[in-house]
Amino acid sequence: YDGSGSVLESTSVQIMDVYNTSNQAEYAALVWGMECAVRYNIKSLLVKGDSELVIGQMNGYKNVKSERIKPMYKQAKYLEESSFRRVRYEHIYRGENSAADQLANEGSNCYADEQKHLSEAEY
């Protein structure tokens, strides 16, 4: 968000098949969103996410213990520190995140050959 009302939305469902865990997919979605914000020259960013782990880690409330997560956490922190004047992370409950919740449910209820793959996803 840059004050003009611009909003970027992403869901980790579209990239789930590339990563082994939902936490990896959540971080990949975060990094993707941050990279998009950089391309749009957004300098003040409000990140809303329903992953308590990711939001807690990015806010410094939770330690990053997973070796799988550390590289993506470091990439997100690098983007935060090098590309933005201010980044705020806010946890929202899944019920308050209806668009992502709907896509997550669709992704978890369909068969593997029916799932959207990253290469086919449109952003």
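None of these values were measured; they are calculated from a predicted model.

Further remarks concern the packing of aromatic side chains. Tallied over the entire structure, the rule returns 1 aromatic pair. Relative to Tyr73, the ring of Tyr27 lies with its centre 6.5 Å away and its plane at 85 degrees, an arrangement referred to as edge-to-face. Separated by 46 residues along the polypeptide, Tyr27 in helix H1 (residues 22–39) and Tyr73 in helix H3 (residues 70–83) bring together distant segments of the chain. What makes Tyr73 partly exposed here is its relative accessible area of 21%.

Another point: the confidence of the model for the protein chain. Chain-level pLDDT for the protein chain is 75 on average; 62% of the residues reach the 70-or-more range. Within the model, the stretch residues 11–16 combines pLDDT values under 50 with 22 contacts to residues more than four positions away or in other chains. Contacts of residues 107–123 to residues separated by more than four positions or lying in other chains number 18 contacts, the stretch itself having pLDDT below 50.

The next point concerns unusual backbone geometry. Despite not being glycine, Asn41 shows a phi value in the positive range, around 60 degrees. In this fold, Asn41 is placed in the loop between H1 and strand S1 (44–49). The exposure class assigned to Asn41 is exposed, which follows from its relative accessible area of 53%.

A separate point is the nonpolar core. One broad rule of soluble globular proteins: the nonpolar side chains tend to lie buried together. Core analysis: the biggest nonpolar cluster contains 20 residues, and Tyr27, Leu30, Met34, Leu45, Val47, Met58 and Tyr89 have the highest contact counts within it. When residues no more than four places from it in sequence are discounted, the contact partners of Met58 are Tyr27, Leu30, Tyr73, Ala76, Lys77, Glu80 and Tyr89.

Another point: the environment of Gln75. Examined against the element boundaries, Gln75 turns out to sit in helix H3. According to the relative accessible area criterion, Gln75 is partly exposed, its value standing at 35%. Spatially, the C-alpha atom of Gln75 lies 9.9 Å from that of Leu30, the residues being 45 residues apart in sequence. The residues touching Gln75, leaving out its near neighbours within four places in the chain, are Val31 and Glu35.

On the secondary structure map, Phe84 appears in the loop between H3 and strand S2 (86–91). What makes Phe84 buried here is its relative accessible area of 9%. Taking the C-alpha atoms as reference points, Phe84 and Val38, 46 residues apart in sequence, are found 8.0 Å from one another.

Now for the packing of H1 against H3. Two elements in contact, H1 and H3, have axes whose closest approach is 9 Å; the angle formed by their N-to-C orientations is 20 degrees. Classed by the angle they form, the pair H1 and H3 counts as roughly parallel. Pair H1 / H3 crosses with left-handed handedness. Across the interface between the two elements, Gln24, Tyr27, Ala28, Leu30, Val31, Met34, Glu35 and Val38 from H1 touch Met72, Tyr73, Gln75, Ala76, Leu79, Glu80 and Ser83 from H3. When the residues that make up the contact of H1 with H3 are grouped by side-chain class, the tally is 10 nonpolar, 3 polar and 2 charged.

About the cut-offs
- Residues numbered from 1 in each chain as written.
- Predicted model: local features only at pLDDT ≥ 70, side-chain atom pairs only at ≥ 80, totals over all residues.
- Heavy atoms only, no water.
- Phe/Tyr/Trp six-rings, centres within 6.5 Å; stacked < 30°, edge-to-face > 60°.
- Helix = DSSP H or I, 4+ residues; strand = E, 2+ residues; numbered from the N terminus.
- Buried < 20%, exposed > 50% of the residue type's maximum accessible area, 1.4 Å probe, protein only.
- pLDDT = per-residue confidence, 0-100.
- Contact = heavy atoms within 4.5 Å.
- Core = buried A, V, L, I, M, F, W, Y, C linked by side-chain atoms within 4.5 Å.
- Axes fitted to C-alpha atoms, helices over the stretch in contact; angles between N-to-C directions.
- Parallel < 35°, antiparallel > 145°, perpendicular 65-115°, else oblique.
- Left-handed = near helix turned anticlockwise from the far one by under 90°.
- Nonpolar A, V, L, I, M, F, W, Y, C, P; charged D, E, K, R; others polar.

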